[in-house]
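# An overview of the molecular structure
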Amino acid sequence: MRHIISVLLENESGSLSRVSGLFSARGYNIESLTVAPTNDETLSRMTIVTNGDDRKIDQIEKQLFKLVDVAALQDITVNQHLEREVVLVKVSIGSENGDQQSAKEELDRVADAFNASLIDVSDQVFILELAGSSQKVDELLKALANLQIIEVARSGATGLTSSEKPLTVPPTSAG
Amino acid sequence: MQLTGADIVVRSLKEEGVEYVFGYPGGAALHIYDAFHRQDDVEHILVRHEQGATHAADGFARATGKPGVVLVTSGPGVTNAITGIATAYMDSIPMVVLSGQVMKPLIGYDAFQEIDAVGISRPCVKHNFLIQHVEDIATTIKKAFHVATSGRPGPVLIDIPKDITADVTEFLYPAEIEMRSYPPAPTAQPREIVTAVEATLNAKRPIVYTGGGVVLAKAQEELREFVKRLGFPCTNTLMGLGAYPHDDPLFVGMLGMHGTYEANKAMHEADLIIAIGARFDDRITGTLNGFAPNAKVLHVDIDPSVIDKNIMSDIAIIGDAKETLVLLNQELERRSDDINPELIKDWWAQIQDWRGVDSLQYEYSDTLIKPQYVVQKLHEITDGEAYVTSDVGQHQMFAAQFYGFSDTHKWINSGGLGTMGFGLPAAMGVKFAHRDADVACITGEGSIQMCIQEMATCKQYDLPVKIVNLNNRYLGMVRQWQEFNYEKRYSNSYMDSLPDFVKLAEAYGHVGMVIENPADVEGALREAFAMKDRLVFMDFITDRTENVYPMIEAGKAHHEMRLRPGMNDK
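The sections below set out a description of the structure shown in this document.

Moving on, we come to the overall build of chain A. Counting secondary structure elements, chain A contains four helices and 10 strands. Computed over C-alpha atoms, the radius of gyration of chain A comes to 20 Å, more than 25% over the 16 Å expected from 2.2 N^0.38 for 175 residues, which places it beyond the range of a compact globule. Here the C-alpha coordinates of chain A stretch approximately 75 × 35 × 30 Å along the principal axes.

Quick look at the structure:
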């Protein structure tokens, strides 16, 4: 089963490699991994999308929490949650006049249907942007299959629970 | 007080109560070595190879419970230390490793003796640090000792660029530090204790299985009280030997791949396994499919990640072994009227029957020295009170099976990583901790050659370790597996061109002996241990074909042990 794990990580050099190293060393699957600063500059928020049965996910959470740089974590998929991924798709609509027009129409139709934006426009090459669940992104790419996709950049999923209670760092340990 | 970074390193170690630092100098660490030269509070022990430094610090830590401390230089200093760091990591040994690093402006430019120490050590440390500013040295060292010694212990590496050790700042060792992302170890909950004790009171076929966690928590007294209150059979893992006295009737011996028949059979047939400070590693469980089919599992460990990792638990208690055992004993005291020895009477009868198999038996020979016999005689001559280190292989198993330990912290071996070369440097570390105690290193002619250079360190610091070399001219455990699984194709397990160990010991300034007849074993051991102030290398020429029995072979379960040929299963 697919799980989205949110991690609050100390914003230290090397902490990203501790997490990615853990996944490769223990053979855990990573579908996507994103990391960026938060409103607290000492913490980064990482979102890992992974797969596994309950026992595997339990191990992943325990092993992650064992990392000294991991301050807090939560499997957001066990609760009501929102998931967003940004995708940029570069599409070519070709050069021949007739084909070009029908391709542009097709592109507009798909963009409309998915509520995606055309954020870069030239004679033949367009860049389409969509923010949505990873599933919606997959569907967009499928819908564009008849057009000539030049390249795709996906951000990987990030997400939040709908709960009022944020993911927070537990009380401090003193030594 | 204004001090250089190098002086701050050494002063911080003093503040942590460090007596010995095991290390080897080199360019990036030279400011720190200069700081060592300026003081007498912390003694630096010069080894002959960085692997030896880490094993010596490890041996010191295992024999005392205090963290071992290592200092190495950058590049090859770090890479040579990795084997010893990984050894400590796998056995959860508290250790702090300080490594020199090239100057900050050179990091990332493939400078001379540059290696990404934080990167290369990351998979085998509990945590590591790269210090960026001289102001951070004291706090980082404080954090490193805290992380290394608390919770489930482990090695922590601190990488220090050379220029930072020359920078100057005010020295103030912090009394406390804050680590918000390293929460304190959890403690057992009262309800879990009640449930756990209830399970023990109802068990008809229980067994207590304990590992290195009981040693690390210094919980042997609490464990003994727990086992005796219940009258349950107790088995220890390779890492846990000594936690329960070897000669107590409730002790059924070591379990696992080379454990006793009764310990493994009892695990297989149990209806309740009480695992304390143990992690159901593959050398303990045999095949997971066939593991203890009818047992409820009560699992106590300080590390939540070992719970339900290999074996699912029915009752899990996350907490320190000692604290948890104290609580369990209190609850057992409260419920003492409910302890019913009748309930486990049949179980004990069954265990005695298995014990009757005498699975460790071997045939004494008048002509060939049996390795088991040497270990038994070593026990006699040292009254079972020596600190015994070992390397890895058959001799390690013979030591575990035959020495007979009565206390924790006395059996010192590389259980998790299985590191050949561990025994001699570990024995040095033990000797620094216990100057007047007998320290024996049980080894083989393969393992001893992996760190034999440390005989020079033993000379320099007067460390009268007794080396018991069980020399069968084979990499014995490899040969045994080849005999069993590869139709006796002994590929590269034969040790040709061995050195003359007597001359070698003498060349290092020690005493060497070669013993070829069984009749001479006892006398040689007595003579060696009588030389209190000398390192004695005893080269026992043993039976070449002796194997370690019983054995749970790959893919087999606890009840499918291979016994010595000619012995009958029950």
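That was the structure; now back to the text.
Attention now moves to the interface of chain B and chain A. If you look at the interface, chain B gives 22 residues, while chain A gives 23 residues. Of all the elements in the fold, those that place two or more residues in the side of chain B that touches chain A are α5 (117–121), β6 (127–130), α6 (137–149) and β9 (178–179) of chain B.

All right, on to the pairing of strand β13 (residues 272–276) of chain B then. Residue and element names in this part refer to chain B. The buried fraction of β13 is high, at five of five residues. Judged by which residues are buried, β13 turns out to be covered on both faces: L272, I274 and I276 on one side and I273 and A275 on the other are all buried. Of the pairings in the sheet, the one linking strand β10 (residues 206–210) to β13 comprises five bridges and is parallel in character. Directly across from V208, in β13, lies its bridge partner I274. The pairing of β13 with strand β14 (residues 296–301) spans five bridges and is classified as parallel. Looking across to β14, one finds that I276 is bridged to V300.

In this section: the environment of I412 of chain B. Positionally, I412 of chain B belongs in strand β17 (residues 411–412). Counting along the chain gives 11 residues from I412 of chain B to G423 of chain B, while the straight-line C-alpha distance between them is 8.0 Å.

A word on the sheet that holds β17 of chain B. Residues and elements named next belong to chain B. Judged by pairing direction, the sheet is parallel, and its six strands sit side by side in the order β17-β16-β18-β19-β21-β20 without closing on themselves. Both outer strands of the open sheet, β17 and β20 (511–515), are each paired with one neighbouring strand and no more. Examined bridge by bridge, β20 and strand β21 (residues 536–541) share five bridges and lie parallel to one another. When the sheet's bridge partners are listed, V511 is paired in β21 with V536. Packed onto the sheet, helix α17 (residues 423–433) meets β16 (387–390), β17, β18 (439–444) and β19 (466–471) and runs at close to 175° relative to β18.

Quick look at the pairing of strand β3 (residues 43–46) of chain B now. Side chains on a regular strand alternate between the two faces of the sheet. Residue and element names in this part refer to chain B. Bridge analysis of strand β2 (residues 20–23) against β3 gives four bridges, and the strand direction is parallel. Bridge pairing in β3 links G23 to L46. Crossover β2 to β3 through helix α2 (residues 30–37) is right-handed.

Moving on to the packing of helix α3 (residues 50–64) of chain B against α17 of chain B. All names here are of chain B. Where α3 meets α17, the closest approach of the two axes is 6 Å, and the angle between their N-to-C directions is 45°. Considering their axes alone, α3 and α17 lie oblique with respect to each other. Crossing of α3 against α17: the hand is right-handed. Along the contact surface, α3 presents G52, H55, A56, A57, D58, G59, F60, A63 and T64, while α17 presents P425, A426, A427, M428, G429, V430, F432 and A433. Of the residues contributing to the contact of α3 with α17, the split by class is 11 nonpolar, five polar and one charged.

Here we come to the packing of helix α15 (residues 371–381) of chain B against helix α16 (residues 394–402) of chain B. In helix packing, the relevant descriptors are the interaxial angle and the interaxial distance, both defined with respect to the helix axes. Residues and elements named next belong to chain B. In the contact formed by α15 and α16, the axes pass within 9 Å of each other and the chain directions differ by 45°. Of the possible angle classes, the one that applies to α15 and α16 is oblique. Viewed along their axes, α15 and α16 form a crossing whose handedness is right-handed. When α15 is examined against α16, the residues P371, Q372, V375 and Q376 are found in contact with a partner set consisting of Q394, H395, F398, A399 and F402. The class makeup of the residues in the contact of α15 with α16 is five nonpolar, four polar and no charged.

Once that is clear, we can look at the sheet that holds strand β1 (residues 2–10) of chain A. Residues and elements named next belong to chain A. Spatially, β2-β3-β1-β4 is the arrangement adopted by the four strands of the open sheet, whose pairing is antiparallel. Of all strands in the sheet, those bounded by a partner on one side alone are β2 (32–37) and β4 (70–75). Ignoring which end each strand starts from, the neighbouring axes of this sheet average 15° apart. As paired strands, β2 and strand β3 (residues 43–51) are joined by six bridges and run antiparallel to one another. Its bridge partner being in β3, P37 is matched across the sheet by S44. Lying on the sheet, helix α2 (residues 54–66) is in contact with β1, β3 and β4; it crosses β4 at an angle near 165°.

Parameters at a glance
- Residues numbered from 1 in each chain as written.
- Chains lettered and ligands numbered in written order.
- Predicted model: local features only at pLDDT ≥ 70, side-chain atom pairs only at ≥ 80, totals over all residues.
- Helix = DSSP H or I, 4+ residues; strand = E, 2+ residues; numbered from the N terminus.
- Rg over C-alpha atoms; globule rule 2.2 N^0.38 Å.
- Contact = placed C-beta atoms within 7 Å.
- Buried ≥ 20, exposed ≤ 12 C-beta atoms within 10 Å, placed from the backbone.
- Pairing = 2+ DSSP bridges.
- Axes fitted to C-alpha atoms, helices over the stretch in contact; angles between N-to-C directions.
- Right-handed = clockwise from strand over helix to strand, strands pointing away.
- Parallel < 35°, antiparallel > 145°, perpendicular 65-115°, else oblique.
- Left-handed = near helix turned anticlockwise from the far one by under 90°.
- Nonpolar A, V, L, I, M, F, W, Y, C, P; charged D, E, K, R; others polar.

Honestly, it's all geometry; don't read function into it.
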